[in-house]
Amino acid sequence: MDLDPEGIFRDDSDEDDDNVQEREANKDMVVYLVDASPKMFTPATTKADEKQETHFRTIVNCITQSLKTQIIGRSYDEVAICFFNTKEKKNLQDLAGVYVYNVGDRDPLDRPTAKLIKDFSCIEDSFMSSIGSRYGITAGSRENTLYNALWVAQALLRKGSVKTVSKRILIFTNEDDPFGAITGAIKTDMIRTTIQRAKDAQDLGLSIELLPLSRPDEEFNMSLFYADLIGLDGDEITEYLPSAGEKLEDMTDQLRKRMMKKRRVKTLSFAITNDVCIEVNTYALTRPTTPGTITWLDSVSNIPLKTERSFICNDTGALLQDPQMRFQMYNDTVVKFSVRELSEVKRVSSHHLRLLGFKPLDCLKDYHNLRPSTFIYPSDEHIFGSTRVFVALHSSMLRLGRFALAFYGNPTRPQLVALVAQEEVTSSTGQVEPPGMHMIYLPYSDDIRYPEEVHVTSDDAPRATDEQIKKASNLLKRIDLKKFSVCQFANPALQRHYGILEALALGEDEMPDIKDETLPDEQGLARPGVVKAIDEFKASVYGENNDQEEAEAAAAKASRGDTSKKRKAITDAASLKSAAYDWAELADNGKLKDMTVVELKSYLTAHDLPVSGKKEALISRILTHLGK
């Protein structure tokens, strides 16, 4: 039996399980509930255009763009698209007026695919013929399609735990009073049962959001029904409509980027001492945006490939589920380890995070922060009293000006981290920065380099004059970006990368237009005040005649370039003409004197030799070059 001697200390950690846990904790499940009543197919504006976009088309574009962005930014999220107020019905509960849209073998609630996006973007062309539209809640009928839609959406979101998964229902409609066609006790009963259905869903941890669309002739009135459905009162009702409009715009015009949700990434056990252990949640802060990892696909079925490892008995050839023993050669002796013993040998700490001690804050340098930090916050979910211990530790570190040194990681990636306490920051509008600790990943000793320092004297380094400093300050004030943030600019290389992937996946002939926001603002730099500040700065540093000198230098460089091009052309022509003769044979037979001066000069020019002198001098120069 092969006991795998070389791989005894290979990676057997639960790192893959941790990655799965992080993905699950960041998963978002969304059901798009789209109203398909005839009012949704009315023009969205009053402009007399030839092709007016309907509310339904607006919502289809909005969801399509959101799905495209979701594949890039949150690829593990799952979505379902559900229409209500439809003629046809398609749902597991067989409820009237509700149609769950799906494509192929995809589950109704699953990760978005290219086929789903491609087919859904064109659904308006065939919607009336294949699905149909109708008024779902009408007088004389007891059918309540909105109630049915909430029921179907709740059933679609039944998988997954609300502790690790965010579940949302998004309702798109331009009808602010879905029960307006009926009156009396029937209407009151329908409103009560629908609101109760929404509250039951919210009690199960489902979030219900409304994205209303106002018709050209009237504004959407939240107070008629939907304020009670989603649980709004007072000023929240008046503030909701503008915020919902901004959210709808954001869904339509989203940036292609990896989204880091403000949800916990992982739960860690934090050992303060051997007897005291608390529970903390970790949150990802700023992270660099990079292209997604490469996924290998089967060349025939296009299904993602999964790597599996199997152990085979060397004696019998039987497939082993899991090796029971490992061994390591030591002094020609086979030392056997069980899987459990090997796990204990590799264990560095029994907890994810263990406190080692404290140091003054001035011991922590800027260059120690090699990668983005992680924010940690206490949790009493499984270990009661964790918040109290954490607060005591946090306040003591702030008061004494200390940071905590701790061990973090698993057997394959042990690492020291610094826990730096952050004090709460508040303003008149509320909390700006929460209290907690930043976990800074410290470098290993060989990660720190000590570059050679170049010491220069004051005479070697040029110094700017007061006039130059003044002009530079004026220039910076002129071109200063107000409220600058790196988040305002997209990475053009990443946007192009995602654009190419989108075009390939959807089978589009043209790639989406990518705007490079990092290019200089030519219009802004051409303002008279900015141009004047630039000219004054250049004049103070380089002199008044700098532009003229630059122009003369550019002209001289161009002239030299033209001369070199002409010389190269002459040399190439001479080389071509010289190659037509066998000069060694001509020299041996004494026939060089029979050749013309022009032919002799072609050889000399091709080999970069002087061409001056009489014919005898040219022949002598050629013979010398040939070694004759």
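For clarity, every value in this text was computed on a predicted model and none was experimentally measured. (Residues numbered from 1 in each chain as written. Predicted model: local features only at pLDDT ≥ 70, side-chain atom pairs only at ≥ 80, totals over all residues. Heavy atoms only, no water.)

### With respect to the overall build of the protein
Applicable threshold: Only DSSP runs of H or I covering at least 4 residues are called helices, and only runs of E covering at least 2 are called strands; the numbering of each starts at the N terminus. Only protein chains enter the accessibility calculation, which uses a 1.4 Å probe. A residue is then buried if its area is under 20% of the maximum for its type, exposed if over 50%, and partly exposed in between. Whether two residues touch is decided by their heavy atoms; if any such pair falls within 4.5 Å, the residues are in contact. Each accessible area is a Shrake-Rupley result for a 1.4 Å probe, and residues are judged covered by the shown protein chains and nothing else.
A count of helical and extended segments in the protein gives 18 helices and 18 strands. Looking at the protein residue by residue over its 628 residues, the buried ones come to 34%. Residue pairs at least 24 apart in sequence account for 68% of intrachain contacts in the protein once pairs closer than 6 positions are excluded. Just so you have it, the protein exposes about 39300 Å², and 52% of that area is on carbon and sulfur atoms.

### A short note on the pattern of salt bridges
As a reminder of what qualifies: By salt bridge we mean one thing: a side-chain nitrogen of Lys or Arg within 4 Å of a carboxyl oxygen of Asp or Glu.
Enumeration over the complete set of coordinates arrives at twelve salt bridges. Of the charged contacts in the structure, one is a salt bridge between Asp-28 and Arg-168, with a shortest N-O distance of 3.0 Å. Residue Asp-28 is found in strand 1 (residues 27-35), and its partner Arg-168 is found in strand 4 (residues 165-173); the two are separated by 140 residues along the sequence. Between Glu-78 and Lys-159 there is a salt bridge, with its nearest N and O atoms 2.9 Å apart. With Glu-78 in strand 2 (residues 78-84) and Lys-159 in the loop between helix 5 (145-156) and strand 4, this pair connects stretches of sequence that are 81 residues apart. Glu-78 sits in the buried class, given a relative accessible area of 8%. On the basis of relative accessibility, which here comes to 36%, the residue Lys-159 falls in the partly exposed class. Salt bridges here are not isolated pairs; linked through shared partners, they connect Asp-28, Arg-168 and Glu-209.

### A word on the side chain of Asn-281
Cut-off, in case you're wondering: In protein, a polar contact requires one atom able to donate a hydrogen and another able to accept it; more generally it is a pair of N or O atoms within 3.5 Å, and residues adjacent in sequence count only if both atoms are side-chain atoms.
Relative to the helices and strands, Asn-281 is located in strand 7 (residues 277-284). Classification of Asn-281 by relative accessible area gives buried; the value is 7%. Among the polar contacts made by the side chain of Asn-281, one reaches the side chain of Thr-267 at a distance of 2.9 Å. In this structure, Asn-281 is in contact with Arg-264, Lys-266, Thr-267, Phe-375, Ile-376, Tyr-377 and Ser-379, ignoring residues within four places of it in sequence.

### Considering the packing of aromatic side chains
Note on aromatic pairs: each is described by the distance of the centres and the angle between the planes. Rules: Working definition: a ring pair exists when centres of Phe, Tyr or Trp rings (six-membered ring for Trp) sit within 6.5 Å. Plane angles under 30 degrees give stacked, over 60 give edge-to-face, the rest tilted.
A complete count under the given rule lists 14 aromatic pairs for this structure. Residues Phe-56 and Phe-127 carry aromatic rings whose centres are separated by 4.9 Å and whose planes lie at 50° to one another, so their mutual orientation is tilted. Highlighted residues: Phe-56 in helix 2 (residues 55-73) and Phe-127 in helix 4 (residues 123-130), separated in sequence by 71 residues. On the accessibility criterion, Phe-56 (0% relative accessible area) is buried. Look at Phe-225 and Tyr-226: their rings are 5.0 Å apart centre to centre, the planes differ by 75°, and that puts the pair in the edge-to-face class. Three or more aromatic residues joined by ring pairs make a cluster, and in this case those are Phe-41, Phe-56, Phe-83, Tyr-101, Phe-120 and Phe-127.

### So, the packing of helix 2 against helix 3 (residues 114-121)
Applied cut-off: In this analysis, axes come from line fits to C-alpha atoms, helices being fitted only over the stretch in contact, and the angle between any two N-to-C directions falls in the range 0 to 180 degrees. Any angle between 65 and 115 degrees counts as roughly perpendicular, while under 35 counts as roughly parallel, over 145 as roughly antiparallel, and the rest as oblique. Two helices cross in a left-handed way if the nearer one is turned anticlockwise from the farther one by less than a right angle. They cross in a right-handed way if the turn is clockwise.
Direction vectors running N to C along helix 2 and helix 3 enclose 165°, while the axes themselves pass 10 Å from each other. Accordingly, the angle class assigned to the pair helix 2 and helix 3 is roughly antiparallel. Here helix 2 runs over helix 3; the crossing is left-handed. Residue-level inspection shows Arg-57, Val-60, Ile-63, Thr-64, Leu-67, Lys-68 and Ile-71 of helix 2 in contact with helix 3, the latter providing Leu-116, Ile-117, Phe-120 and Ser-121.

### Considering a nonpolar patch on the surface
The following threshold applies: The patches reported here contain residues having more than 30% relative accessible area and no salt bridge. Joining distances are 9 Å for like charges and 5 Å for nonpolar side chains (Val, Leu, Ile, Met, Phe, Trp, Tyr).
On the surface, Leu-481, Phe-484, Val-486 and Phe-489 cluster together to form a nonpolar patch covering roughly 400 Å² of accessible area. Relative to the helices and strands, Phe-484 is located in the loop between helix 11 (466-478) and helix 12 (492-506).

### Overview of the sheet that holds strand 5 (residues 206-212)
Let me state the cut-off plainly: Strand pairing follows a simple DSSP-based rule, namely that at least 2 bridges must link the two strands.
Here five strands make up an open sheet; going across it, the order is 3-2-1-4-5 and the pairing mixed. Both edges of this open sheet fall to strand 3 (98-101) and strand 5, since each of them pairs with a single strand only. Averaged over all neighbouring strand pairs, the angle between strand axes comes to 20°, with direction disregarded. Sheet analysis places strand 1 next to strand 2, joined by seven bridges and oriented parallel. Across the sheet, Val-34 pairs through a bridge with Phe-83, a residue of strand 2. Relative to strand 1, helix 2 is tilted by about 165°, and along the sheet it contacts strand 1, strand 2 and strand 4.

### Notes on the nonpolar core
Put simply, the test is: The definition of a nonpolar core used throughout is a set of buried Ala, Val, Leu, Ile, Met, Phe, Trp, Tyr and Cys residues joined through side-chain atoms within 4.5 Å.
Grouped together as the largest cluster of nonpolar side chains are 41 residues, with contacts concentrated most on Leu-33, Ile-171 and Met-222. The biggest single contributor to this core is helix 5, with six residues. Not counting residues up to four positions away in its chain, the partners in contact with Met-222 are Leu-210, Pro-212, Ala-227, Ile-230, Leu-232, Ile-237, Tyr-240 and Leu-241. By size, the runner-up hydrophobic cluster in this structure holds 29 residues, among which are Phe-56, Ile-117, Leu-170 and Leu-213.

### What about the environment of Gly-97?
Residue position: Gly-97 is located in the loop between strand 2 and strand 3. Taking C-alpha positions, Gly-97 is 6.5 Å from Gly-136, a pair spaced 39 residues apart along the chain. Not counting residues up to four positions away in its chain, the partners in contact with Gly-97 are Phe-83, Phe-84, Asn-85, Thr-86, Lys-89, Arg-134 and Thr-145.

### Considerations on the side chain of Asp-77
Among the secondary structure elements, Asp-77 is positioned in the loop between helix 2 and strand 2. Owing to a relative accessible area of 2%, Asp-77 belongs among the buried residues under this scheme. Of note is the side chain of Asp-77, whose polar atom sits 2.8 Å from the backbone nitrogen of Asp-28.

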